[in-house]
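# Tertiary structure, described
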Amino acid sequence: MKEIVLYVGGDDSNHAGKIRGEILVATFSVLEGDDEIVRLGNKRDYEGALRYMSERGRDWRFTVRAGDQYRHGSQNVPFVLPTLINHYLHGFRGDVSGVCAYVDGELKSCERGKFIETVMGLPCAESVSNVSVSGFVKKRFARGTGFSKRYECPKLVWAADSIANGLFRKCSISDLFSHRKIIVPYIDR
């Protein structure tokens, strides 16, 4: 039997503290090649990302965090992503042997370790024996031109970014909380 690796992309809407809160999106895939790092340019495409994620073998979920304390929190995504992974695995048919996660932004080494430990201990991840996580920074300094923003990451990160931004721009609070892909809003203890 072939081992199943779950590829996960994660990003947020960068709007913590606003009326709708911080929207955190996780994209999921069991398709080979979805871990490939590609150059995608600088354009978000909400509808295109939804089409991409609707292909069999891919899916997505999101949650919302409210409060100013998340506004400048660079580690929001790796902190919440294990919860979204657990919810996804809860409904997944098959045994996942590995989780490869990719998040937007720089990933601190302590957060990387905490992420791996948390995912390995998830109730729905009994069959998972290998977990990895990588961070991808969109804004880069380019000699002579200053900062440039481009996606050079797995397409799952681009999709998570596009969906998070699209949900923030297009959905009211009631739309978000009644959306079929929402995981009950994440509440810190």
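Predicted model, so just to flag it, every value in this text is computed and none were measured.

### Focus on helix α1 (residues 46-53)
Turning to α1, its buried residues are Tyr46, Gly48, Ala49, Tyr52 and Met53. Summarising the axial view, the buried residues of α1 lie within an arc of 165°, below the 170-degree limit, and thus occupy one face. Residues of α1 that are buried sit in contact with β2 (22-29), β4 (58-65) and α4 (155-170).

### Here's the deal with the packing of α1 against α4
Look at α1 against α4: their axes get within 8 Å of each other, and the N-to-C directions meet at 130°. In terms of axis orientation, α1 runs oblique to α4. For the pair α1 and α4, the sense of crossing is left-handed. For the pair formed by α1 and α4, the contact residues are Tyr46, Glu47, Gly48, Ala49, Leu50, Tyr52 and Met53 on the first element and Lys155, Leu156, Trp158, Ala159, Ser162, Ile163, Gly166, Leu167, Arg169 and Lys170 on the second.

### Some words on the sheet that holds strand β5 (residues 96-104)
The strand order β4-β2-β1-β5-β6 describes an open sheet built from five strands, whose pairing is mixed. Edge positions in the sheet fall to β4 and β6 (130-136), since each has one partner strand and no second. Each strand axis lies, on average, 20° off the axis of its neighbour in the sheet, ignoring direction. Bridge count between β5 and β6: seven bridges; the pairing is parallel. Its bridge partner being in β6, Val99 is matched across the sheet by Val131.

### Considering the side chain of Thr27
By the element assignment, Thr27 lies in strand β2. A distance of 2.8 Å separates the side chain of Thr27 from the backbone oxygen of Leu156, its partner in a polar contact. The residues contacting Thr27, other than those within four sequence positions of it, are Tyr7, Val8, Gly9, Met53, Asp59, Trp60, Leu156, Ala159, Ala160 and Ile163.

Basis of the calculations
Residues numbered from 1 in each chain as written. Predicted model: local features only at pLDDT ≥ 70, side-chain atom pairs only at ≥ 80, totals over all residues. Heavy atoms only, no water. Buried < 20%, exposed > 50% of the residue type's maximum accessible area, 1.4 Å probe, protein only. Helix = DSSP H or I, 4+ residues; strand = E, 2+ residues; numbered from the N terminus. Arc of directions from axis to C-beta. Contact = heavy atoms within 4.5 Å. Axes fitted to C-alpha atoms, helices over the stretch in contact; angles between N-to-C directions. Parallel < 35°, antiparallel > 145°, perpendicular 65-115°, else oblique. Left-handed = near helix turned anticlockwise from the far one by under 90°. Pairing = 2+ DSSP bridges. Polar contact = N/O pair within 3.5 Å; in protein donor to acceptor, adjacent residues only side chain to side chain.

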